[in-house]
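The residues making up each chain are set out below.
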Amino acid sequence: MPSNSSGPREKNPAPPLPEPLRVAVADSHTHLDMQSGTVEEGLAKAASVGVTTLVQVGCDVRGSQWAAETARRHDSVHATVALHPNEAPRIVHGDPDGWSRQGEREPGGTAALDEALDVIARLAALPEVKGVGETGLDFYRTGPEGKDAQEASFRAHIEIAKRYGKALVIHDRDAHADVLRVLKEEGAPERTVFHCYSGDAEMAEVCARAGYFMSFAGNVTFKNAQNLRDALAVAPLELVLVETDAPFLTPAPYRGRPNAPYLIPVTVRAMAAVRDIDEDALATALAANTARAFGY
């Protein structure tokens, strides 16, 4: 786990505090449980630069329980709960390499997946839980067997989100067409968020027509991510969100160093430049959009 301290000899020091935003915004997707330091320290650091609301995202049963409990204890934190797309195949088929943070796991079959989904559904009913996700499809490291488990899990999460009137938070990696297909087949919830939007401008227009929110992360600042900047340029302003996905996807010029919610201003300023819009006007829209997307 990366350290947030910045001692002189540290190989990967935490980036410095950016200039504070004048208009407060929300980090629409973060993983405080994977960041170093206490939750209180992370929230205080974020608030000091104008990031006053955080959406803490669950990726497995234990992480979802932690997200709900953290949101219950902190007014500035809202939770989402889910089984990450890569978690579903691990539950069904096991994880002999122990790649996930639970370590090596035995296959549990579809019964184990159903059991885990029941826990997610119970958590989704809680008032401090504002979304169901991150769910979706991730074909980056998943074979045919895993794809079936992912799609079954994704469809179940869509149903849970609709059952409780919560936002649906989508993880889509190397699976654009299939994610859009499943959403169309199942009928998307009223509020659907593409976390860490990874499509191109053409897909952004498809999402816009469907009314899906598109959340941009630090990778919109990467040199090789012109497709993301093209998408951001055409996405309707009222459907745009910002996120860290911390501790991952630290924005340039700090790529490779630990990410945290306090770095949101770096990404907001890069997004404002892409859209050729005033920083305060963008921040105002981002704050309103996130509150609308997650119903807080």
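Up top is the structure these notes are about.
Residues numbered from 1 in each chain as written. Predicted model: local features only at pLDDT ≥ 70, side-chain atom pairs only at ≥ 80, totals over all residues. Heavy atoms only, no water.

(A) Seen up close, the packing of aromatic side chains. Taken as a whole and assessed by the stated rule, the structure comprises two aromatic pairs. Here the aromatic rings of Phe-194 and Tyr-212 are separated by 5.7 Å at their centres, their planes lie at 35°, and the arrangement is tilted. You can see Phe-194 sitting in strand β6 (residues 192–194) and its partner Tyr-212 sitting in the loop between α7 (201–210) and β7 (213–216), a full 18 residues away along the chain. Ring geometry for Tyr-197 and Phe-216: centres 5.5 Å apart, planes at 45°, overall tilted. Within this pair, whereas Tyr-197 is found in the loop between β6 and α7, its partner Phe-216 is found in strand β7, the two being separated by 19 residues in sequence. For the pair Tyr-197 and Phe-216, a shared accessibility class is recorded, and that class is buried. Sitting over the face of the ring of Tyr-262, Lys-45 holds its NZ or CZ atom 4.2 Å from the ring centroid. A cation sits over an aromatic face here: Arg-173 above Tyr-140, 3.6 Å from the ring centre. (Phe/Tyr/Trp six-rings, centres within 6.5 Å; stacked < 30°, edge-to-face > 60°. Helix = DSSP H or I, 4+ residues; strand = E, 2+ residues; numbered from the N terminus. Buried < 20%, exposed > 50% of the residue type's maximum accessible area, 1.4 Å probe, protein only. Lys NZ or Arg CZ within 6 Å of the ring centre and 35° of its normal.)

(B) Representation of the nonpolar core within the structure. Counting 82 residues, the largest nonpolar core has Phe-154, Leu-183, Phe-194, Tyr-197, Phe-216 and Met-271 as its most contacted members. In terms of residue count, helix α4 (residues 109–124) provides more of this core than any other element does, eight residues in total. Once residues lying within four places of it in the same chain are set aside, the contact partners of Phe-216 are Tyr-197, Leu-228, Ala-231, Leu-232, Val-240, Leu-241, Val-242, Glu-243, Thr-267 and Met-271. (Core = buried A, V, L, I, M, F, W, Y, C linked by side-chain atoms within 4.5 Å. Contact = heavy atoms within 4.5 Å.)

(C) Local environment of the side chain of Asn-86. With respect to the helices and strands, Asn-86 occurs in the loop between β3 (77–81) and α3 (87–93). The class for Asn-86 is buried, based on a relative accessible area of 6%. In contact with Asn-86, not counting residues within four places along its chain, are Asp-138, Arg-141, Thr-142 and Gln-150.

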